[in-house]
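# Summary of structural features
The primary structure of each chain is shown beneath.
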Amino acid sequence: MTSSSRYLLLGFPESKGQAQELAKLTGISYADIDIHVFPDGESKITLPAEALKSTTQIVIYRSLDHPNNKLLELIMAAQGARQLGIKKIILVAPYLAYMRQDIAFNPGEVVSQKVIGKLLSESFEGVITVDSHLHRISKLSEAIPVEYAINLTATEPMGEFLKQHVDSPFLLGPDGESRQWVEAIALPNKMDSSVATKVRRGDKNVEINLPDGDYQGRNMVLVDDVASSGQTLIQTAKQLQQYQPASISVLVTHALFMEGSIEALKEQGVINIWSCNSIKHPTNQVSLTGLIARELKEILHLTGENT
Ligand SMILES: O=P(O)(O)OC[C@H]1O[C@@H](O)[C@H](O)[C@@H]1O
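All chains use their own residue numbering, which begins from 1 and follows the written sequence. Restriction of local features to residues with pLDDT of at least 70 applies here, the model being predicted, together with a cutoff of 80 or more for giving and counting side-chain atom pairs; totals for whole chains, interfaces and linings are based on all residues. No hydrogens and no water enter the side-chain calculation; it runs on all heavy atoms of the structure.

### Let's talk about the nonpolar core
For our purposes a nonpolar core is just a set of buried Ala, Val, Leu, Ile, Met, Phe, Trp, Tyr and Cys residues, chained together by side-chain atoms within 4.5 Å. Each residue gets one of three labels from its accessible area relative to the maximum for its type: buried under 20%, exposed over 50%, partly exposed in between, using a 1.4 Å probe on protein chains only. Among the nonpolar cores identified, the biggest contains 40 residues, and Leu-9, Ile-128, Leu-162, Leu-171, Leu-296 and Leu-300 are the most heavily contacted of them. Only DSSP runs of H or I reaching four residues or more are called helices, and only runs of E reaching two or more are called strands; each is numbered from the N terminus. In terms of residue count, helix 10 (residues 289–299) provides more of this core than any other element does, 5 residues in total. The domain limits used here are those given by an automatic or database domain assignment. Of the domains in this structure, domain 1 (4–153 + 288–305) and domain 2 (155–286) are the two that each give at least three residues to this core. In this analysis, two residues are considered to be in contact whenever any of their non-hydrogen atoms come within 4.5 Å of each other. Not counting chain neighbours up to four residues away, the residues in contact with Leu-300 comprise Tyr-7, Ile-28, Val-59 and Ile-90.

Right, here's the structure in full:
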């Protein structure tokens with residue numbers, strides 16, 4: 001028996017391709033989780049019962065965009081696996097939801113990061129994610145108290161992608177939080193970079209102030225962890241246009257891109273919109289699967305087969 005055959009990797013229907021690719025790269029066997037949604041909106045989850053008989057340790061792959069539905073189904077799958085005798089469950093969630101509300105900004109606001117972190121820690125021994133929005137805390141384990149709480153960063157594959165696709169890029173982060181990602185790409189690759197400041201006044205109301213810079217004639221790339229309403233990037237591109245750059249592109253880890261945001265970015269002169277494949281989206285260009293596979297193999301102590 002090889003070390004990886006002791007594990008089974010389970011994927012949900014919407015991300016079967018990515019989960020299968022991860023299984024291939026790690027040498028872990030793959031099996032499907034099926035979902036049937038009843039007319040009243042409840043979900044029936046069916047686990048691969050036969051395949052689960054041969055293991056006590058599993059990996060479940062699911063990104064948590066559309067979090068309310070996906071989280072509940074995920075917890076049901078994990079708890080169902082426990083009932084079938086599974087002892088160790090690692091969650092691979094390249095995009096992890098509910099990490100942004102880490103304090104109560106106003107009295108009575110629920111700190112969702114803590115609630116969801118506790119919920120996940122009750123179902124999983126480990127969580128692997130990418131560029132999680134950790135603002136006032138430095139480690140994922142502070143939000144999700146599990147044995148393995150791993151927050152990878154997409155900056156290395158993003159840097160490689162930019163080197164191949166943009167001539168002498170100038171990276172621009174839209175706010176202070178983005179500095180970590182901008183600098184992690186710019187410094188090792190010797191790219192110019194700068195970081196703007198942002199004031200958020202509402203879900204879709206942000207004000208961006210660009211630092212003075214020599215942006216004219218440059219290939220500007222706006223870099224951020226996530227595009228949700230897209231307003232942060234839209235307003236940044238709008239400010240940037242005044243400097244007459246040669247081009248404006250966008251590169252984010254997580255492509256939520258709510259309705260209308262892609263069109264609005266194009267209206268502000270953005271010519272390329274690129275993202276990593278943490279959330280399936282037409283803008284996906286940078287694969288995170290190799291990065292995640294390396295980490296998964298390390299924490300599961302897998303040897304090198306199929307890699
Ligand atoms: O402006 P939208 O796209 O709605 O939200 C995404 C932004 O909000 C922040 O939390 C993220 O880091 C990103 O800068």
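### Focus on the packing of helix 1 (residues 16–26) against helix 10
As a packed pair, helix 1 and helix 10 sit with axes 9 Å apart at the nearest point and diverge in direction by 50°. In terms of orientation, helix 1 and helix 10 fall into the oblique class. Handedness of the crossing formed by helix 1 with helix 10: right-handed. Residues Gln-18, Glu-21, Leu-22, Leu-25 and Thr-26 of helix 1 form the contact with helix 10, whose own contacting residues are Thr-289, Gly-290, Ile-292, Ala-293, Leu-296 and Lys-297. Split by residue class, the contact of helix 1 with helix 10 holds 5 nonpolar, 4 polar and 2 charged. Helix axes use the C-alpha atoms of the stretch in contact, all axes being lines fitted to C-alpha atoms, and the angles between their N-to-C directions lie in the range 0 to 180 degrees. Each angle is binned into one of four classes, with values under 35 degrees roughly parallel, values over 145 roughly antiparallel, values of 65 to 115 roughly perpendicular, and all other values oblique. Crossing handedness: left-handed means the near helix sits turned counterclockwise from the far one by under a right angle, and right-handed means the same turn made clockwise. In the scheme used here, Gly and all other residues not listed as nonpolar or charged are polar, with Ala, Val, Leu, Ile, Met, Phe, Trp, Tyr, Cys and Pro taken as nonpolar and Asp, Glu, Lys and Arg as charged.

### Here's the deal with the site of the ligand
Close contacts around the ligand come from 15 residues, with Asp-224, Asp-225, Ser-228, Ser-229 and Thr-232 the closest. One of the side-chain nitrogen or oxygen atoms of Asp-225 is found 2.7 Å away from an oxygen atom of the ligand. Counting residues per element, the ones that place at least two in the shell around the ligand are strand 11 (197–202), strand 13 (219–227) and helix 8 (231–241). Looking at the shell around the ligand element by element, the count peaks at 4 residues for strand 13. Residues of the shell around the ligand, tallied by class, amount to 2 nonpolar, 6 polar and 7 charged. In these notes, residues near a molecule or strand are those with any non-hydrogen atom within 4 Å of it. Two N or O atoms count as a polar contact when they lie within 3.5 Å, although within protein this holds only if one can serve as hydrogen donor and the other as acceptor, and sequence-adjacent residues are included solely when both atoms are side-chain atoms.

### Digging into the UniProt feature "domain: Ribose-phosphate pyrophosphokinase N-terminal" (unreviewed entry) in the chain
UniProt positions are given in the numbering used here, feature names are shortened, and annotations may be inferred rather than shown by experiment. Listed under "domain: Ribose-phosphate pyrophosphokinase N-terminal" (unreviewed entry) in the UniProt record, and renumbered for this structure, are residues 14–122. The distance from the first to the last C-alpha atom of residues 14–122 is 24 Å, and the span holds 39% helix and 20% strand.

### Side note on the sheet that holds strand 7 (residues 126–130)
Paired strands, as defined in this entry, are two strands with at least two bridges between them according to DSSP. In spatial order, the strands read 2-1-5-6-7-8; together these 6 strands make up an open sheet with parallel pairing. Strands with a single pairing partner mark the edges of an open sheet, and in this sheet they are strand 2 (29–32) and strand 8 (148–152). The sheet shows a mean angle of 20° between the axes of neighbouring strands, direction not considered. Bridge analysis of strand 6 (residues 88–92) against strand 7 gives 3 bridges, and the strand direction is parallel. If you follow Val-92 over to strand 7, its bridge partner there is Ile-128. Sitting on the sheet, helix 1 is in contact with strand 1 (7–11), strand 2, strand 5 (57–61) and strand 6, with an inclination near 160° to strand 2. Its contacts with the sheet place helix 3 (residues 67–83) against strand 5 and strand 6, and it is angled at close to 160° to strand 6.

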